[in-house]
Amino acid sequence: MKTIKMALTALVPKKQLLEKLMLATILILGWLTLPNILTTIEPTAALLDAGIWQLILLSLLCYVALLQMTWWLLYRFWLALGLLNLTDMVLQFKQLSSWQKLGFFWASFALLFLAGIACLAAIV
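Residues numbered from 1 in each chain as written. Predicted model: local features only at pLDDT ≥ 70, side-chain atom pairs only at ≥ 80, totals over all residues. Heavy atoms only, no water.

Colleague: Looking at this model, I keep getting lost on the overall build of the protein chain. Mind explaining?
Modeller: Check the secondary structure of the protein chain and you find five helices and zero strands. Reading the protein chain from its N end, one meets helices and strands in the order α-α-α-α-α. By residue count, 5% of the 124 residues in the protein chain fall in the buried class. A fraction of 39% describes how many contacts in the protein chain between residues 6 or more apart in sequence connect residues 24 or more apart. (Helix = DSSP H or I, 4+ residues; strand = E, 2+ residues; numbered from the N terminus. Buried < 20%, exposed > 50% of the residue type's maximum accessible area, 1.4 Å probe, protein only. Contact = heavy atoms within 4.5 Å.)

See the structure below:
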């Protein structure tokens, strides 16, 4: 009986996955229906006006997809390297002294700042 229950719980998606699927569904439905809603509200709206809103939705869709892919890749690399779970690492971070936390935050900020400068240099 326990194996059947475990198999059934394995088939049911996790709450977090279900929320992400719902968000993606809402964004895709918005992508398809927003031009029709805009032309219904404002009949003189050109196709370009509806296209701007679609571009905003497209950017949201791409952002969510990129975020999901990066988290999935990070999780896969994390497992391949045999590192601790993220919750264990957070617990270990909370056990650090304040100067170690401050050093970690400064190092993170410096790396983020340098990555931004590198992106700007790549554009120019």
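Colleague: Can you help me understand the layout of surface pockets in this one?
Modeller: The rolling of a water-molecule-sized probe over the atoms marks out the regions of remaining empty space. Taken as a whole, the second largest pocket holds about 250 Å³ of empty space. If you trace the second largest pocket, you find it lined by Trp71, Leu74, Tyr75, Trp78, Leu79, Gly82, Leu83, Leu84, Asn85, Leu86 and Thr87. When residues of the lining of the second largest pocket are assigned to their parent elements, the largest contribution, five residues, is made by helix α3 (residues 47-81). A class-by-class count of the residues in the lining of the second largest pocket yields eight nonpolar, three polar and no charged. (1 Å grid on protein atoms, 1.4 Å probe; cavity = no way out; pocket = protein on both sides within 12 Å on 5 of 7 lines; lining within 4 Å. Points joined across faces, edges and corners; volume = space filled by probe spheres on them. Nonpolar A, V, L, I, M, F, W, Y, C, P; charged D, E, K, R; others polar.)

Colleague: What am I meant to see in the packing of aromatic side chains here?
Modeller: Aromatic ring pairs: the centre-centre distance and the angle between the two ring planes describe each pair. On inspection of all chains with the given rule, the structure shows five aromatic pairs. Judged by centre distance (5.7 Å) and plane angle (75 degrees), the rings of Phe93 and Phe105 are edge-to-face. Taken together, the residues span a long stretch of sequence, with Phe93 in helix α4 (residues 86-94) and Phe105 in helix α5 (residues 98-123) at a distance of 12 residues. Phe93 gets classed as partly exposed once you look at its relative accessible area, which sits at 24%. (Phe/Tyr/Trp six-rings, centres within 6.5 Å; stacked < 30°, edge-to-face > 60°.)

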